[in-house]
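A structural walkthrough
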Amino acid sequence: MTVRFVDRAVGVRTIPESVCALSSMPHIDYADRFSLSVDVDATPERWARAMFGDVPSAAEVLIWRGFLGLRLSRERSPATVAGWRIGGRDQDWIRLEAASWFLSANLLVQAADGRVSLTTFLRYDRRLADWVWPPLSAVHRRLVPGVLHAAAARVRSSARG
(Lines give C-alpha, C1' and ligand atoms only; values in the text may rest on other atoms or scores of the structure.)
Protein backbone atom coordinates (compact mmCIF):
# COMPACT_ATOMS: atom_id res chain seq x y z
CA MET A 1 0.00 0.00 0.00
CA THR A 2 1.27 3.45 -0.89
CA VAL A 3 1.33 6.04 1.87
CA ARG A 4 -0.34 9.17 0.60
CA PHE A 5 0.40 12.53 2.11
CA VAL A 6 -2.33 14.96 3.01
CA ASP A 7 -1.92 18.49 1.70
CA ARG A 8 -3.08 21.18 4.08
CA ALA A 9 -3.71 24.90 4.13
CA VAL A 10 -4.58 26.83 7.27
CA GLY A 11 -5.97 30.36 7.27
CA VAL A 12 -8.68 32.05 5.26
CA ARG A 13 -6.14 33.68 2.92
CA THR A 14 -4.58 30.29 2.07
CA ILE A 15 -7.88 28.80 0.84
CA PRO A 16 -8.79 29.52 -2.81
CA GLU A 17 -11.57 32.11 -3.20
CA SER A 18 -13.55 29.64 -5.30
CA VAL A 19 -13.62 27.27 -2.30
CA CYS A 20 -14.48 30.01 0.22
CA ALA A 21 -17.37 31.02 -2.05
CA LEU A 22 -18.98 27.62 -1.30
CA SER A 23 -19.33 28.50 2.39
CA SER A 24 -22.76 29.66 3.53
CA MET A 25 -21.19 32.37 5.70
CA PRO A 26 -20.67 35.95 4.51
CA HIS A 27 -17.69 36.30 6.88
CA ILE A 28 -15.18 33.56 7.78
CA ASP A 29 -12.97 33.86 10.86
CA TYR A 30 -11.19 30.50 10.57
CA ALA A 31 -10.59 28.13 7.67
CA ASP A 32 -8.48 25.10 6.96
CA ARG A 33 -8.40 22.67 4.08
CA PHE A 34 -6.98 19.15 3.90
CA SER A 35 -6.73 17.20 0.61
CA LEU A 36 -5.78 13.63 -0.18
CA SER A 37 -5.07 11.98 -3.54
CA VAL A 38 -7.34 8.95 -3.89
CA ASP A 39 -7.62 6.06 -6.31
CA VAL A 40 -11.37 5.51 -5.99
CA ASP A 41 -14.33 7.61 -7.11
CA ALA A 42 -17.32 8.38 -4.92
CA THR A 43 -19.82 11.18 -4.55
CA PRO A 44 -19.07 13.98 -2.11
CA GLU A 45 -21.93 12.74 0.10
CA ARG A 46 -20.44 9.23 0.13
CA TRP A 47 -17.10 10.73 1.16
CA ALA A 48 -18.76 12.81 3.90
CA ARG A 49 -20.56 9.73 5.27
CA ALA A 50 -17.31 7.74 5.10
CA MET A 51 -15.61 10.49 7.13
CA PHE A 52 -18.30 11.07 9.75
CA GLY A 53 -21.00 8.40 9.47
CA ASP A 54 -24.73 8.89 9.65
CA VAL A 55 -24.71 9.83 13.35
CA PRO A 56 -21.83 11.34 15.32
CA SER A 57 -19.44 9.05 17.21
CA ALA A 58 -18.93 9.50 20.95
CA ALA A 59 -15.75 11.52 20.33
CA GLU A 60 -17.53 13.74 17.80
CA VAL A 61 -20.39 14.30 20.26
CA LEU A 62 -17.86 15.34 22.92
CA ILE A 63 -16.14 17.82 20.61
CA TRP A 64 -19.07 19.07 18.51
CA ARG A 65 -21.83 19.18 21.13
CA GLY A 66 -19.78 19.29 24.32
CA PHE A 67 -16.99 21.76 23.59
CA LEU A 68 -18.50 23.67 20.66
CA GLY A 69 -22.16 23.45 21.65
CA LEU A 70 -23.21 22.67 18.07
CA ARG A 71 -26.87 21.85 17.64
CA LEU A 72 -26.85 18.57 15.74
CA SER A 73 -29.63 16.20 14.75
CA ARG A 74 -29.68 13.05 16.89
CA GLU A 75 -31.28 10.81 14.26
CA ARG A 76 -30.23 9.32 10.95
CA SER A 77 -31.65 11.25 8.04
CA PRO A 78 -31.01 11.73 4.33
CA ALA A 79 -30.88 15.48 5.15
CA THR A 80 -27.97 15.13 7.62
CA VAL A 81 -24.49 13.64 7.91
CA ALA A 82 -23.39 12.85 11.48
CA GLY A 83 -26.05 15.25 12.72
CA TRP A 84 -24.87 18.14 10.52
CA ARG A 85 -27.54 19.55 8.20
CA ILE A 86 -26.77 19.29 4.49
CA GLY A 87 -26.88 22.95 3.52
CA GLY A 88 -25.87 22.74 -0.11
CA ARG A 89 -24.43 20.45 -2.75
CA ASP A 90 -23.38 20.08 -6.34
CA GLN A 91 -21.86 17.21 -8.29
CA ASP A 92 -18.40 17.69 -6.78
CA TRP A 93 -19.11 19.13 -3.30
CA ILE A 94 -21.41 18.94 -0.29
CA ARG A 95 -21.65 21.49 2.52
CA LEU A 96 -22.57 20.49 6.06
CA GLU A 97 -23.78 23.20 8.44
CA ALA A 98 -24.17 23.52 12.20
CA ALA A 99 -24.21 26.35 14.73
CA SER A 100 -24.06 26.97 18.45
CA TRP A 101 -24.84 30.09 20.43
CA PHE A 102 -21.27 31.35 19.93
CA LEU A 103 -20.10 30.11 16.52
CA SER A 104 -21.28 28.86 13.14
CA ALA A 105 -19.55 26.09 11.20
CA ASN A 106 -19.44 24.60 7.71
CA LEU A 107 -17.69 21.41 6.67
CA LEU A 108 -17.16 21.33 2.92
CA VAL A 109 -16.34 17.98 1.32
CA GLN A 110 -15.14 18.08 -2.27
CA ALA A 111 -14.40 15.11 -4.51
CA ALA A 112 -13.01 15.57 -8.02
CA ASP A 113 -10.03 14.74 -10.20
CA GLY A 114 -8.67 11.98 -7.96
CA ARG A 115 -8.72 14.09 -4.79
CA VAL A 116 -10.96 14.38 -1.77
CA SER A 117 -10.83 17.51 0.38
CA LEU A 118 -12.30 18.58 3.70
CA THR A 119 -12.50 22.31 4.38
CA THR A 120 -13.61 23.68 7.73
CA PHE A 121 -15.05 27.19 7.96
CA LEU A 122 -15.94 28.91 11.22
CA ARG A 123 -17.54 32.24 12.01
CA TYR A 124 -17.11 33.55 15.54
CA ASP A 125 -20.56 34.81 16.55
CA ARG A 126 -19.52 35.65 20.15
CA ARG A 127 -16.17 36.43 21.80
CA LEU A 128 -16.14 33.03 23.51
CA ALA A 129 -15.26 31.45 20.14
CA ASP A 130 -11.96 33.37 20.22
CA TRP A 131 -11.07 31.42 23.38
CA VAL A 132 -12.62 28.03 22.67
CA TRP A 133 -11.60 27.30 19.09
CA PRO A 134 -7.81 28.02 19.04
CA PRO A 135 -6.86 25.13 21.38
CA LEU A 136 -9.43 22.83 19.76
CA SER A 137 -8.16 23.78 16.28
CA ALA A 138 -4.76 22.27 17.09
CA VAL A 139 -6.44 18.95 17.92
CA HIS A 140 -8.67 19.27 14.84
CA ARG A 141 -5.67 19.76 12.54
CA ARG A 142 -3.98 16.67 13.99
CA LEU A 143 -7.10 14.51 13.53
CA VAL A 144 -8.23 15.46 10.02
CA PRO A 145 -5.48 13.63 8.06
CA GLY A 146 -6.48 10.39 9.83
CA VAL A 147 -10.14 11.09 9.07
CA LEU A 148 -9.30 11.40 5.36
CA HIS A 149 -7.18 8.24 5.30
CA ALA A 150 -9.85 6.22 7.17
CA ALA A 151 -12.55 7.50 4.81
CA ALA A 152 -10.44 6.49 1.80
CA ALA A 153 -10.08 2.98 3.24
CA ARG A 154 -13.86 2.77 3.84
CA VAL A 155 -14.73 3.99 0.35
CA ARG A 156 -12.15 1.69 -1.23
CA SER A 157 -13.48 -1.28 0.77
CA SER A 158 -17.11 -0.61 -0.14
CA ALA A 159 -16.17 -0.21 -3.83
CA ARG A 160 -14.66 -3.72 -3.80
CA GLY A 161 -17.50 -5.52 -2.20
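Residues numbered from 1 in each chain as written. Predicted model: local features only at pLDDT ≥ 70, side-chain atom pairs only at ≥ 80, totals over all residues. Heavy atoms only, no water.

Notes on the pairing of strand β6 (residues 103–112)
Selection criterion: The cut-offs for exposure are 20% and 50% of the maximum accessible area for each residue type, with area from a 1.4 Å probe on protein chains only; residues under the lower value are buried, those over the upper are exposed, and the others partly exposed. Segments assigned H or I by DSSP are reported as helices when at least four residues long, segments assigned E as strands when at least two residues long, and all are numbered from the N terminus. Between any two strands, at least two bridges found by DSSP are needed for them to pair.
In terms of burial, β6 is a largely internal element, 9 of the 10 residues being buried. Bridge analysis of strand β5 (residues 93–99) against β6 gives 7 bridges, and the strand direction is antiparallel. Bridging from a neighbouring strand, I94 pairs with V109 of β6. Where β6 and strand β7 (residues 115–124) come together, 10 bridges link them in antiparallel fashion. Looking across to β7, one finds that A105 is bridged to L122. Where β6 folds back onto β7 in an antiparallel hairpin, the turn is made up of 2 residues, including D113, whose phi is positive at roughly 55°.

A word on the pattern of salt bridges
For clarity, the threshold we go by: The term salt bridge refers to a pairing of a side-chain nitrogen on Lys or Arg with a carboxyl oxygen on Asp or Glu at a separation within 4 Å.
By the definition in use, this model includes 9 salt bridges. Here R156 makes a salt bridge to D39, at a shortest N to O gap of 3.0 Å. Highlighted residues: R156 in helix α4 (residues 128–160) and D39 in the loop between β2 (30–37) and α2 (44–52), separated in sequence by 117 residues. We note a salt bridge from R95 to E97, for which the minimum N-O separation is 2.7 Å. When sorted by exposure, R95 lands in the same class as E97, which is buried.

Structural notes on the nonpolar core
What counts is decided by this rule: Put simply, a nonpolar core is a bunch of buried Ala, Val, Leu, Ile, Met, Phe, Trp, Tyr and Cys residues held in one set by side-chain atoms that sit within 4.5 Å of each other. Two residues qualify as a contact provided that any one of their heavy atoms is within 4.5 Å of a heavy atom in the partner residue.
The biggest cluster of nonpolar side chains holds 39 residues, and the ones touching the most others in it are W47, M51, F52, W84 and L96. Broken down by secondary-structure element, the contributors of at least two residues to this core are β2, α2, β4 (84–90), β5, β6, β7 and α4. Here this core gets 9 residues from one element, more than from any other, and that element is α4. Those residues in contact with L96, other than ones at most four positions away along the chain, are A48, F52, V81, W84, R85, I86, A105, N106 and L107. Within the second largest apolar cluster, 11 residues are counted, among which are L22, M25, A31 and L108.

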